[in-house]
Amino acid sequence: MALNREPNIPDQDVFYAELINAQRDLSDEQADMMLAKLVLILCNHIGDREVLREAIALARDNTLASPV
């Protein structure tokens, strides 16, 4: 399985709102922890090490390319 880089979330705006709302009333540290846990839960769900490796590289490269 290859990493799907095409839009694949129905109602993307609704999902984004749900993600933001899940962080309401959390401290910055709690929000960071929640997102880290979400990443690990989704990585476990995906399970394909090659897909995960590609996703990690994409996220890292995108982060390094973004101005701080």
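Cut-offs used in this document
Residues numbered from 1 in each chain as written. Predicted model: local features only at pLDDT ≥ 70, side-chain atom pairs only at ≥ 80, totals over all residues. Heavy atoms only, no water. 1 Å grid on protein atoms, 1.4 Å probe; cavity = no way out; pocket = protein on both sides within 12 Å on 5 of 7 lines; lining within 4 Å. Points joined across faces, edges and corners; volume = space filled by probe spheres on them. Helix = DSSP H or I, 4+ residues; strand = E, 2+ residues; numbered from the N terminus. Nonpolar A, V, L, I, M, F, W, Y, C, P; charged D, E, K, R; others polar. Patch = residues over 30% accessible without salt bridge, like charges linked within 9 Å, V, L, I, M, F, W, Y side chains within 5 Å. Areas by Shrake-Rupley, 256 points an atom, 1.4 Å probe, with all protein chains shown as cover. Salt bridge = Lys/Arg side-chain N within 4 Å of Asp/Glu carboxyl O. Buried < 20%, exposed > 50% of the residue type's maximum accessible area, 1.4 Å probe, protein only.

Side note on the layout of surface pockets
Here the idea is plain: a probe the size of a water molecule rolls over the atoms and shows the empty space left. Of the pockets and cavities examined, the largest pocket occupies roughly 890 Å³. Taken together, 24 residues form the lining of the largest pocket, with Leu3, Ile9, Leu42, Ile46 and Ala55 sitting closest to its centre. Secondary structure elements with two or more residues in the lining of the largest pocket: α1 (12-21), α2 (28-46) and α3 (49-65). In the lining of the largest pocket, the residues fall into 19 nonpolar, four polar and one charged.

What to know about a nonpolar patch on the surface
Residues Leu35, Leu38 and Leu42 make up a contiguous nonpolar surface patch of roughly 210 Å² in combined accessible area. Classification of Leu42 by relative accessible area gives partly exposed; the value is 44%.

Here's the deal with the pattern of salt bridges
Within this structure, the stated rule accounts for two salt bridges. Here Arg5 and Glu54 are joined by a salt bridge, their closest N and O atoms 3.2 Å apart. Here the residue Arg5 occupies a position in the segment before α1, and Glu54 occupies one in helix α3, the gap between them amounting to 49 residues.

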